Amino acid sequence: MSDETPQAGDLLVRIGAIMFLVGAAATLATVTPLFLGTEPLPSVFYWLCMLMGLGFLIAAAGVIRSATARRPQVAAPSPPSAPSAT
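Below you will find a few notes about this structure. (Residues numbered from 1 in each chain as written. Predicted model: local features only at pLDDT ≥ 70, side-chain atom pairs only at ≥ 80, totals over all residues. Heavy atoms only, no water.)

**Considerations on the overall build of the chain**
- Helices and strands together make up the secondary structure of the chain, namely three helices and zero strands.
- In the chain, the succession of helices and strands from N to C terminus is α-α-α.
- Taken across its 86 residues, the chain has 14% of its residues classed as buried.
- In the chain, of all internal contacts separated by at least 6 residues, the share reaching a separation of at least 24 is 74%.
- Accessible surface, the chain: about 7,000 Å² in total, of which carbon and sulfur atoms supply 71%. (Helix = DSSP H or I, 4+ residues; strand = E, 2+ residues; numbered from the N terminus. Buried < 20%, exposed > 50% of the residue type's maximum accessible area, 1.4 Å probe, protein only. Contact = heavy atoms within 4.5 Å. Areas by Shrake-Rupley, 256 points an atom, 1.4 Å probe, with all protein chains shown as cover.)

Listed below in structure tokens is the structure:
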């Protein structure tokens, strides 16, 4: 496990990655019968292939959300330091 605290958008990135992998596996399963010369899979697998693109969009939204959540933290000016009495 990581010691880092979860940031805004981390959950979206994880969900998007899982959806992308499921879509990629469905795409491989759908294309394989075409190369082997067997019966094509049912149309449900073709619909599952669309999870690949949708997962990519969800993960990208998570990355953008994470970046926008960090922007105010980086842009906030640090308080001025007190002058030292020398």
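**Description of the environment of Trp47**
- In this fold, Trp47 is placed in helix H2 (residues 43-48).
- A relative accessible area of 60% means that Trp47 is categorised as exposed.
- Separated by 21 residues in sequence, Trp47 and Ala26 place their C-alpha atoms 8.8 Å apart.

**Observations regarding the side chain of Ser66**
- The topology assignment puts Ser66 in helix H3 (residues 50-75).
- Classification of Ser66 as buried rests on a relative accessible area of 13%.
- Ser66 has contacts with Gln7 and Ala8, leaving out every residue within four places of it along the chain.

**Some details on helix H1 (residues 10-36)**
- For H1, built from 27 residues, the straight-helix expectation of 39 Å at 1.5 Å per residue is met to within 8% by its first-to-last C-alpha distance of 39 Å.
- Among the residues of H1, those classed as buried are Gly16, Met19, Gly23, Ala26, Thr30 and Pro33.
- A positive phi of about 75° marks Gly37, the residue just after H1. (Expected span 1.5 Å × (residues − 1).)

**Some details on the environment of Thr27**
- Its place among the elements puts Thr27 in helix H1.
- C-alpha of Thr27 to C-alpha of Cys49: the two residues are 22 residues apart in sequence and 5.1 Å apart in space.
- Non-local contacts of Thr27, meaning those with residues more than four positions away in its chain, are made with Cys49 and Met52.

**Quick look at a nonpolar patch on the surface**
- A surface patch of nonpolar side chains, amounting to about 440 Å² of accessible area, comprises Phe20, Leu21, Phe56 and Leu57.
- Among the elements of the structure, H1 and H3 are those that each provide at least two residues to the nonpolar patch.
- For Phe20, the position within the fold is in helix H1.
- Owing to a relative accessible area of 31%, Phe20 belongs among the partly exposed residues under this scheme. (Patch = residues over 30% accessible without salt bridge, like charges linked within 9 Å, V, L, I, M, F, W, Y side chains within 5 Å. Salt bridge = Lys/Arg side-chain N within 4 Å of Asp/Glu carboxyl O.)

**Digging into the environment of Phe20**
- Remark: the alpha-carbon pair of Phe20 and Met50, spanning 30 residues in sequence, is separated by 8.9 Å.
- With near-sequence residues (within four places) excluded, Phe20 lies in contact with Leu51, Met52, Gly55 and Phe56.

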